[in-house]
Amino acid sequence: MDKKSRDYEVCLCYRTTRGEVEDIIREKNITNLKDLCEIAKVGDKCGGCREDLQMILDEVLAE
């Protein structure tokens, strides 16, 4: 699946989609990866999605 799709499962450990992450970033006004991981409860288990989470965060903040 395309990483740009809102249905892309960015965090496999918690089965969290890109769309869910984008919505949380906007709703909670998140500006850094640490806060995103804590608030969204993603990226804190295996850490494999952190690069993608940072990419999504950067893209949402650039809007």
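Note that this is a predicted model, so its numbers are computed, not measured. (Residues numbered from 1 in each chain as written. Predicted model: local features only at pLDDT ≥ 70, side-chain atom pairs only at ≥ 80, totals over all residues. Heavy atoms only, no water.)

1. A word on helix α3 (residues 50-61)
A rise of 1.5 Å per residue sets the reference length of α3, with its 12 residues, at 16 Å; its end C-alpha atoms lie 16 Å apart and thus fit the reference within 8%. For α3, the complete set of buried residues consists of Asp52, Leu53, Ile56, Leu57 and Val60. What you see down the axis of α3 is that its buried residues fit within an arc of 140°, all on one side. Buried residues in α3 make contact with β1 (9-11), α1 (18-28) and α2 (33-40). (Helix = DSSP H or I, 4+ residues; strand = E, 2+ residues; numbered from the N terminus. Expected span 1.5 Å × (residues − 1). Buried < 20%, exposed > 50% of the residue type's maximum accessible area, 1.4 Å probe, protein only. Arc of directions from axis to C-beta. Contact = heavy atoms within 4.5 Å.)

2. Things to note about the UniProt feature "domain: BFD-like [2Fe-2S]-binding" (unreviewed entry) in the chain
Per the UniProt record, "domain: BFD-like [2Fe-2S]-binding" (unreviewed entry) is found at residues 10-59. With 58% helix and 8% strand, residues 10-59 has end C-alpha atoms that lie 14 Å from one another. (UniProt positions renumbered as here; feature names shortened; annotations may be inferred.)

3. What about the packing of α1 against α2?
One way to put it is that α1 packs onto α2 with a least axis distance of 11 Å and a crossing angle of 105°. One way to sum up the angle between α1 and α2 is to call them roughly perpendicular. Here Val21, Ile24, Ile25 and Lys28 of α1 come into contact with α2, specifically with Leu36, Ile39 and Ala40. Grouping the constituent residues of the contact of α1 with α2 by class yields 6 nonpolar, no polar and 1 charged. (Axes fitted to C-alpha atoms, helices over the stretch in contact; angles between N-to-C directions. Parallel < 35°, antiparallel > 145°, perpendicular 65-115°, else oblique. Nonpolar A, V, L, I, M, F, W, Y, C, P; charged D, E, K, R; others polar.)

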